[in-house]
Protein chains: 4
Amino acid sequence: MSFKREVIQGQEVVSTEITDDIYDLPHEECGLIGLWNQKQAAFDAYYGLHALQHRGQEGAGIATLHDGKMLAHRDFGLVNQIFNRRQSLEELKGKAAIGHVRYATAGLNDINNIQPFVFHFHDGPVAMAHNGNLVNAHSLKVELEQKGSIFHTTSDSEVIMHLIRRSQKESFIEKLKESLKRVVGGFTYLFLTEKELIGVCDPNGFRPLIVGRMPNGGYVMASESCALDQIGASYLFDVEPGQIVSINNEGIQKEYYTEARQQAICSMEFIYFARPDSNIHGINVHTARKNSGKKLAQEQPVEADIVIGVPNSSLSAASGYAEEAGIPYEMGLIKNQYIARTFIQPTQELRERGVRMKLSAVRKVVEGKRIVMVDDSIVRGTTSKRIVGLLKAAGAKEVHVRIASPALKHPCFYGIDISNTRELIAANHTLKEIEKIIEADSLAYLSEEGLISAIDLHSDAPYKGLCMAYFNGDYPTALHDFEREYRAELERIVVD
Amino acid sequence: MSFKREVIQGQEVVSTEITDDIYDLPHEECGLIGLWNQKQAAFDAYYGLHALQHRGQEGAGIATLHDGKMLAHRDFGLVNQIFNRRQSLEELKGKAAIGHVRYATAGLNDINNIQPFVFHFHDGPVAMAHNGNLVNAHSLKVELEQKGSIFHTTSDSEVIMHLIRRSQKESFIEKLKESLKRVVGGFTYLFLTEKELIGVCDPNGFRPLIVGRMPNGGYVMASESCALDQIGASYLFDVEPGQIVSINNEGIQKEYYTEARQQAICSMEFIYFARPDSNIHGINVHTARKNSGKKLAQEQPVEADIVIGVPNSSLSAASGYAEEAGIPYEMGLIKNQYIARTFIQPTQELRERGVRMKLSAVRKVVEGKRIVMVDDSIVRGTTSKRIVGLLKAAGAKEVHVRIASPALKHPCFYGIDISNTRELIAANHTLKEIEKIIEADSLAYLSEEGLISAIDLHSDAPYKGLCMAYFNGDYPTALHDFEREYRAELERIVVD
Amino acid sequence: MSFKREVIQGQEVVSTEITDDIYDLPHEECGLIGLWNQKQAAFDAYYGLHALQHRGQEGAGIATLHDGKMLAHRDFGLVNQIFNRRQSLEELKGKAAIGHVRYATAGLNDINNIQPFVFHFHDGPVAMAHNGNLVNAHSLKVELEQKGSIFHTTSDSEVIMHLIRRSQKESFIEKLKESLKRVVGGFTYLFLTEKELIGVCDPNGFRPLIVGRMPNGGYVMASESCALDQIGASYLFDVEPGQIVSINNEGIQKEYYTEARQQAICSMEFIYFARPDSNIHGINVHTARKNSGKKLAQEQPVEADIVIGVPNSSLSAASGYAEEAGIPYEMGLIKNQYIARTFIQPTQELRERGVRMKLSAVRKVVEGKRIVMVDDSIVRGTTSKRIVGLLKAAGAKEVHVRIASPALKHPCFYGIDISNTRELIAANHTLKEIEKIIEADSLAYLSEEGLISAIDLHSDAPYKGLCMAYFNGDYPTALHDFEREYRAELERIVVD
Amino acid sequence: MSFKREVIQGQEVVSTEITDDIYDLPHEECGLIGLWNQKQAAFDAYYGLHALQHRGQEGAGIATLHDGKMLAHRDFGLVNQIFNRRQSLEELKGKAAIGHVRYATAGLNDINNIQPFVFHFHDGPVAMAHNGNLVNAHSLKVELEQKGSIFHTTSDSEVIMHLIRRSQKESFIEKLKESLKRVVGGFTYLFLTEKELIGVCDPNGFRPLIVGRMPNGGYVMASESCALDQIGASYLFDVEPGQIVSINNEGIQKEYYTEARQQAICSMEFIYFARPDSNIHGINVHTARKNSGKKLAQEQPVEADIVIGVPNSSLSAASGYAEEAGIPYEMGLIKNQYIARTFIQPTQELRERGVRMKLSAVRKVVEGKRIVMVDDSIVRGTTSKRIVGLLKAAGAKEVHVRIASPALKHPCFYGIDISNTRELIAANHTLKEIEKIIEADSLAYLSEEGLISAIDLHSDAPYKGLCMAYFNGDYPTALHDFEREYRAELERIVVD
């Protein structure tokens, strides 16, 4: 895959110039918000997107419905960079809005991929926003192109709209239901039409979507409950797997568009993605993480002087470990607040520099100490190695690495940027090898059972409510376009 | 119709937010260039577009084919503003290219409307560029949307590609031929695929398209021959009405896609649009203009001391008038070279200011003189009034206005920005009224016959090779989507 | 004071258009770095400035010395926004560099005020960077203008260079020493000439400046030791009050330029400004803060269920309080990592919105609890009120606010953005009034003695090493240009 | 001399990083305008600058005086690019303004060099604008720096303000008069203070400056009378050599600041720089050019079929030649209106490409003809060679080049961009050699006497009102800083 740099309106933009392999890199983690019957809805969308900013920093946008027209503004950058003047929100008039924050993998930086997408049809406008990933997008695109459809973005997200527009059903909802039966993967969608705000969750419930009520009678849907708290909305319910929630001036309607549904929410939402103050299906994320630290202390104890967490996402787990183990919890690592988190950096080179610029060890705290260093996960291992090195350079006597989740061994096809196993250290090395590579005095992971009981979703078999495919390769859906290449990878994955 | 201002990548952009009446403003005059088998084709496209810059100053772009991929760069602005570094051309690698300069009516300033359009299909990329206007674009759009097509631009130009993609024919050329039978209007298209460069002219030949050979064996197609001269190409032939010219590595293939064809090239190309050094169907534009001045002197003589032309487009006609009348030709008006021509200015207010800032009368030349002021046309009359006023303020004794074309009374639906008759002074006033409004001592136009014989295309009936519809309402095609509103306007048009 | 908005090179810039009162707003907190004899010094300056980013986010710049010429790049924005391409650092060639991050009060957003300043004199270039504020800048400016000097920036920083250039002394160092005797205030300067890198500290040592050695033999000076850690430099010494440190190819020379010197470093460096991993005069900032929390627990105990800190600057003090009081330390407030800290926001309105968007209470942690909420300081009180409200809205039973520093009652004239007492809640209200305003169940501050013993500088009378003027009005220098207005304010300040 | 590219506020800027040789490239041609007692003076300055745009396209600016404050906006680009919104003019409130358009030689593209310069002194603001060049600027800069002055621009223009500010005289006018005695060269200045608008002309009157009256009682000063016509002002008088014109609320005051004065206005103003509709010292520029063509026909006749001029600056001379010779005047060359004139292009490479992209020969006009090609001057000869080549490639039988001014053999030190003789073809080659180089069938120049009589200033000896130094080396002033290098060049100059 190669890219083209071009200057659009005086700004350099990276876009793709190839068609064939464009479907290879569709992995996205994003955040959605929608509002209905809320005065100056764009303002609430803005504040809500701000609370969801951790779900995507590449770009953002808001579309509003005003007088039968769809207004929109979207751009690369953070929410507060894109909407940097009061006027830019005031111009987005209307009482209904959807918003989107986008995280995209390297390269597909085409402004056309920034959402919400807005369509000006002769029979009325539609805006849509999408979080997640389809595993049969490529097949569907080829099929649709062969029928004469023209795609204008390189994103999976456009597929559903082509299906909808080709449906022979009467209403938008019916067209949508028909179309949803064709797409496979992990996703939530928001659609805004002249008549309603619609939220959709895939049949496995991979991605979260929460519904709330605004103080004045309006409604909100968002990827995380922290967005509801941000704008003063009260929680109503989580959208369930295979469910369509439609909000119009009559109120809320819920229905299922498929019988084949089960709960298998992405466990990384609890481990890493979601904000600690969010609740997902009734479980507080901070509490789940603290519990995972406690479980980890039970499963993988070690004699040490202090417990430290890798800021910021591992601090909850670290304090759980410390509390359970009865070892003091200390601030041994300082994070430079002017850097976005590692997992978000677009290139490997920047990722590596990012870490060095991001964390500092506090010598006065760590010097001469035996340390339990708690982290939420290990992807490539480069970050862990660097932090262990940092602590030792600052005088730590021993560094025992404890990971508050199982080892990442398999790719995710439902929207997380782990597209192949070559970058996953645990797919390519045994535990002992990794311990050596990252130069830790010891290394241990939380068990799958430990993670499940820490999150404690009380959900049924077979998945107990959680997708753990990146840990164990047990994917809740068929893999379609990715089946063949995953089989090839599978043969290479190291079994400990 | 209303518009939305948004800031895309730090630049303010005006885009539309309405669907219904988006089809109302499709009038464009543009310039095209295409190259095949020319090393660093983007450089020739750049220089060629520069020569075509007078055909559109709103935006421009170049797409090149390299290694099976379509590279492209396009933006708002002049060619030399968009491509302002050698590197920006060097990055557009490849031996085939198409380029476009765009003039658009007020408002639809969406970057997505800037051409060439580039499509990344799963079965290979296609780039296209379009000059002209369709009269059935709205109907076709609605029909296509009803079949599930999704349009992404507000431009007519996208319609043909949807038709092509839906065709069941085998080859691109066959799909194109089938699609061309559906579109009605004035147009030339350039298409670039992996296999060929294709040029198309509408069945009436409203817009010019010239084919030439590059010194090294490559080929070029362009809207005007001045672009061929610019890059050192030699003239081969003008694309004929209803003709498809396809250039590939085997050479040039020509064929007609319809039997219903006749020559009716836009007479404004000779009168105003084209560059004086261009030749169209073998007729030099400067010579045609000079001849029109001579005819005008024969038809509308007047006793005067000097003849002056309105710079720059009327200088040829003025010198012809002077030569025929035996009156000295003088430089009585100076044009500020830092202003684009009036006809191009986007708003009425700017048009009016533009004139005042654009022309100066040279007092020492005009003082005390009886002047024949030759201009190519009168649209709203405001410019003429201002120039007459300028000359009188500088001491002119008499100002006799002579127009080197007939009176503009009807709208154009084939690509010229005269979308309704309300702005045409001659559609709303008699000759004597106009004479009074512009405060001329006398006013006269060239006759239709005079114009035809001045251009002298030696073409057959019924149109003698020229579209004169804006003068006489005799449109060479059915008006389709515009039929009804034109009939309404027609009742209002003043008959002298 | 009024400002002018102008568009310079397509970007809106706010600049001043008045001369008289331009001297009213010179309060700045900034960060400096300098390198000598370090290959590709600009890269180290970049990484070092990144570590100092918390000291100023308005703008930044780097100047390097290469082949006798001074190269420079500076702009508005964060360090990684300004230097966003490898090339922009590679173009800043040379083995010596100085860099600057700038924080400025509202309005004086003139690009000319971004440092380092670079001067191209006929006898060789000089670059300079300045942290702090002069109290006699206005007087000196008027005096210099009366002698014919022309100032080009609205910054205090330019004054010293005019003094230097007018000095009759021989060497740059001697001219500098003479000039330093004229300026009064809190400051550190870095100067880079063709021969040397010079660091200067004011006679009271208000601002920190640290000297270190690079691994390869080069040297570095920086405002905080965290910048040395960032680039792998080892600590040598802190520049002392009234000291000039000059580094050239012979090594390091230290000398005092005045006898009247004493240590009175800004206590806010420990309380709020500096990064927790920095050491100042041998004292670790995190440790000082943790100690202040302990002292606070001793001085102001309260019965409670949990202790929480306001992220991020108060977490150290909160953990100290918890440890000393034996009350669990919990994560009850989550900070949105995509907002800069309140104290930095330019306008009151944005400050207020910033807080609401910045912090979230974790309901599951705080619900039903009696809480000790530890914060580092209270400026206007609006933030405290909002956090107390947040916690109560999330179900907190009681909120006891404990401030790990004394009450802010007086303005700072040495470089902190507290320019008058009208904005200081403690200058205008009694303790009980504030407690009521912020709706806390109780409120208490750390005593001055408590703060001094927590930081524990072991320095002599009269200031025990610390400037505490904003707490007690005891300014270590004469106030010069600010004397009169401060006297007026003083009469209004509430005595508890 | 080398330059540094830096990105200031997102725009690439080229600036100098060297001090030593910065004084080598001070040659500028510019345009000035000033208004006093004119409501919304910025609007008139804008329109006036537009009329002066041909005098400089690199950058422009306007400063206005409002309520005792100086407001200003300046930038790179054309006047209508910099002031592209009504608001940007409306914000420049006030009844007094000065404006500037700047042309600068390659490289010194520092925004700080764009004028008017605005100074915010403690005793009141001053704005200034400068056209021309000093021959002792370098000496004065070194002298002033040695006294402690700090220069902030690389432009000569700043020198006078340092002299003024160091003067011990009482009033601004007296300080200015004293300072003007120190500077040597060709210049006009405009100064705007709270009390007055001041215009100054050098003792030789090298640069033009015209004074006019606004319809409503206000006053205007401008470099050319076309700016007065543009804004509807009536002509009062040309500022004379060595004269200061001061306009305040009392009216106009004129005085001479030196006795050593004589008229020697730059002859290139008539030949090339000024707009044809401008009058300088009562002489219409178009008429002077037409006369020079007539003289040329008398002095250098040739048998030919048509006379053509090189657009646009040579059309007047060509029509004069044709009229005098009785040979038809034809339009054989077409200029692309989207290119600025050659002389303005910053680099040699761009100059060369510029010509190729700028002119086209009209084959139908020139084919088979013997042509007299009239041009105003030959600088490097590359343009002439290219045009001759163009005409011959288009079928011209013979091309006889006639230049409507003498041969350029010497550099100009008073503000024209001919900084050394190495680039002047006539300084390095004989007439016959040039004829051969440019491949003309014959080449001839107008004589010095011919030029003087064509312009016909009726001025006294020794210079008959005109500086002709670039033709004959007879410089009206001592050369100061340039003396030595000119002497060296002089030895190399070819004598025909």
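Residues numbered from 1 in each chain as written. Chains lettered and ligands numbered in written order. Predicted model: local features only at pLDDT ≥ 70, side-chain atom pairs only at ≥ 80, totals over all residues. Heavy atoms only, no water.

**Side note on the overall build of chain A**
So, step 1. Helices and strands together make up the secondary structure of chain A, namely 18 helices and 25 strands.
So, step 2. The buried share among the 496 residues of chain A stands at 67%.
So, step 3. Excluding contacts between residues fewer than 6 apart, the proportion of contacts in chain A whose partners are at least 24 apart in sequence is 68%.
So, step 4. Of the roughly 16400 Å² of accessible surface on chain A, 46% is carried by carbon and sulfur atoms. (Helix = DSSP H or I, 4+ residues; strand = E, 2+ residues; numbered from the N terminus. Buried < 20%, exposed > 50% of the residue type's maximum accessible area, 1.4 Å probe, protein only. Contact = heavy atoms within 4.5 Å. Areas by Shrake-Rupley, 256 points an atom, 1.4 Å probe, with all protein chains shown as cover.)

**Observations regarding helix 9 (residues 285-299) of chain C**
Residues and elements named next belong to chain C.
So, step 1. Along its 15 residues, helix 9 runs 21 Å from first to last C-alpha, staying within 8% of the 21 Å computed at 1.5 Å per residue.
So, step 2. Among the residues making up helix 9, those that are buried are V285, H286, A288, R289, K290, S292, G293, L296 and A297.
So, step 3. The backbone nitrogen of H286 has a side-chain oxygen 3.2 Å away, supplied by the residue at the start of helix 9, namely N284. (Expected span 1.5 Å × (residues − 1). Polar contact = N/O pair within 3.5 Å; in protein donor to acceptor, adjacent residues only side chain to side chain.)

**With respect to the relation of the copies chain D and chain B**
So, step 1. Each copy superposes on the other: chain D lies on chain B with an RMSD of 0.1 Å after a rotation of 179° and an axial shift of 0.0 Å. Classification of the inter-copy transformation places it as that of a two-fold axis.
So, step 2. By residue overlap, the copies meet face to face through one surface: 100% of the interface positions of chain D are interface positions in chain B. (Least-squares fit on C-alpha atoms with pLDDT ≥ 70 in both.)

**Observations regarding the pairing of strand 23 (residues 398-403) of chain A**
Residues and elements named next belong to chain A.
So, step 1. Judged by how many residues are buried, strand 23 sits mostly within the fold: five of six residues are covered.
So, step 2. As paired strands, strand 22 (residues 370-375) and strand 23 are joined by six bridges and run parallel to one another. Bridged to I371 within strand 23 is V399.
So, step 3. Where the polypeptide runs from strand 22 across helix 13 (residues 382-393) and back to strand 23, its parallel neighbour, the crossover connection is right-handed.
So, step 4. Inspection of the sheet shows strand 23 paired to strand 24 (residues 442-445) by four bridges, in the parallel sense. If you follow R402 over to strand 24, its bridge partner there is A444. (Pairing = 2+ DSSP bridges. Right-handed = clockwise from strand over helix to strand, strands pointing away.)

**A short note on the environment of C:R289**
Residues and elements named next belong to chain C.
So, step 1. For R289, the location among the structural elements is in helix 9.
So, step 2. The exposure class of R289 is buried, given its relative accessible area of 5%.
So, step 3. Here the alpha-carbon distance between R289 and P276, two residues 13 residues apart in the chain, equals 8.2 Å.
So, step 4. With sequence-adjacent residues up to four places away left out, R289 is seen in contact with E269, F270, I271, Y272, F273, A274, P276, S313, S316 and A317.

**Brief notes about the interface of chain D and chain B**
So, step 1. Opposite the 42 residues of chain D that make contact, chain B presents 42 residues.
So, step 2. Where chain D meets chain B, there are six residue pairs in polar contact (both at pLDDT 80 or more).
So, step 3. Those elements giving two or more residues to the side of chain D that touches chain B turn out to be helix 1 (41-51), helix 2 (79-82), helix 9 (285-299), helix 10 (315-325), strand 20 (333-335), helix 11 (348-358), strand 21 (359-361) and helix 12 (363-366) of chain D.

**A look at the sheet that holds strand 15 (residues 251-256) of chain D**
Residue and element names in this part refer to chain D.
So, step 1. The strand order across the open sheet built from six strands is 7-8-9-10-14-15, with neighbouring strands paired in antiparallel fashion. Two strands lie at the open edges of the sheet, namely strand 7 (117-121) and strand 15, each paired on one side alone. Across this sheet, the average inter-strand angle for adjacent strands is 15°, counted without regard to direction. (Axes fitted to C-alpha atoms, helices over the stretch in contact; angles between N-to-C directions.)

**Some words on the packing of helix 5 (residues 158-166) of chain B against helix 6 (residues 172-180) of chain B**
All names here are of chain B.
So, step 1. Across the interface, helix 5 lies against helix 6 with an axial gap of 8 Å and an inter-helix angle of 120°. With respect to helix 6, the element helix 5 is oriented oblique. In the crossing of helix 5 with helix 6, the sense of the turn from one axis to the other is right-handed. The residues of helix 6 that touch helix 5, namely those facing I160, L163 and I164, are F172, K175, L176, S179 and L180.
So, step 2. Residues belonging to the contact of helix 5 with helix 6 are distributed by class as follows: six nonpolar, one polar and one charged. (Parallel < 35°, antiparallel > 145°, perpendicular 65-115°, else oblique. Left-handed = near helix turned anticlockwise from the far one by under 90°. Nonpolar A, V, L, I, M, F, W, Y, C, P; charged D, E, K, R; others polar.)

**Re the confidence of the model for chain A**
Residues and elements named next belong to chain A.
So, step 1. The predicted model of chain A averages 86 in pLDDT, with 89% of residues at 70 or higher.
So, step 2. Contacts for the low-pLDDT stretch residues 1-27, under 50 throughout, to residues beyond four places or in other chains number 95 contacts.
So, step 3. Reported confidence for the predicted complex is 0.84 by ipTM and 0.80 by pTM. (pLDDT = per-residue confidence, 0-100.)

**Looking at the packing of aromatic side chains**
So, step 1. Under the criterion given, the structure shown has 56 aromatic pairs over all chains.
So, step 2. For the pair C:Y272 and C:F273, a centre-to-centre distance of 5.7 Å together with 65° between the ring planes defines the contact as edge-to-face.
So, step 3. The exposure class assigned to C:Y272 is buried, which follows from its relative accessible area of 8%.
So, step 4. Cluster of aromatic residues (ring-pair linked, three or more members): A:F206, A:F413, A:Y414, A:Y475, A:F482 and A:Y486.
So, step 5. In this structure, A:R165 is placed above the aromatic ring of A:F121, and the distance from its NZ or CZ to the ring centre is 3.5 Å.
So, step 6. A cation over a ring is seen here: C:R261 above C:Y256, with NZ or CZ 3.4 Å from the ring centre. (Phe/Tyr/Trp six-rings, centres within 6.5 Å; stacked < 30°, edge-to-face > 60°. Lys NZ or Arg CZ within 6 Å of the ring centre and 35° of its normal.)

**Concerning the environment of C:L134**
So, step 1. As for its placement among the helices and strands, C:L134 is situated in strand 8 (residues 124-134).
So, step 2. Look past the residues within four positions of C:L134 in its chain and what remains in contact with it is C:D156, C:V183, C:V184, C:G185, C:F187, C:Y189 and C:F482.

**Structural notes on unusual backbone geometry**
So, step 1. With omega at 0°, the peptide bond leading from B:Q115 into B:P116 counts as cis.
So, step 2. Phi at D:Q40 takes a positive value of approximately 50°, unusual for a residue other than glycine.
So, step 3. If you trace the backbone, D:Q40 turns up in the loop between strand 3 (28-36) and helix 1.
So, step 4. Judged by its relative accessible area of 43%, D:Q40 is partly exposed.

**Details of the pattern of salt bridges**
So, step 1. Scanning the entire structure with this criterion turns up 86 salt bridges over all chains.
So, step 2. Between B:R275 and B:D277 there is a salt bridge; the shortest N-O distance is 3.0 Å.
So, step 3. B:R275 sits in the buried class, given a relative accessible area of 7%.
So, step 4. Owing to a relative accessible area of 4%, B:D277 belongs among the buried residues under this scheme.
So, step 5. Overlapping salt bridges bring together A:R55, A:R207, A:E224 and A:E269 as one network. (Salt bridge = Lys/Arg side-chain N within 4 Å of Asp/Glu carboxyl O.)

**Examining the UniProt feature "binding site: Mg(2+)" (unreviewed entry) in chain A**
Residues and elements named next belong to chain A.
So, step 1. With numbering matched to this structure, UniProt assigns "binding site: Mg(2+)" (unreviewed entry) to S313, D375 and D376. Of the residues just listed, which span 64 residues, no C-alpha pair is farther apart than 8.0 Å, and they cluster in one region.
So, step 2. On the secondary structure map, S313 appears in the loop between strand 19 (306-309) and helix 10 (315-325).
So, step 3. Relative accessible area serves as the criterion here: at 18%, S313 is assigned to the buried category. (UniProt positions renumbered as here; feature names shortened; annotations may be inferred.)

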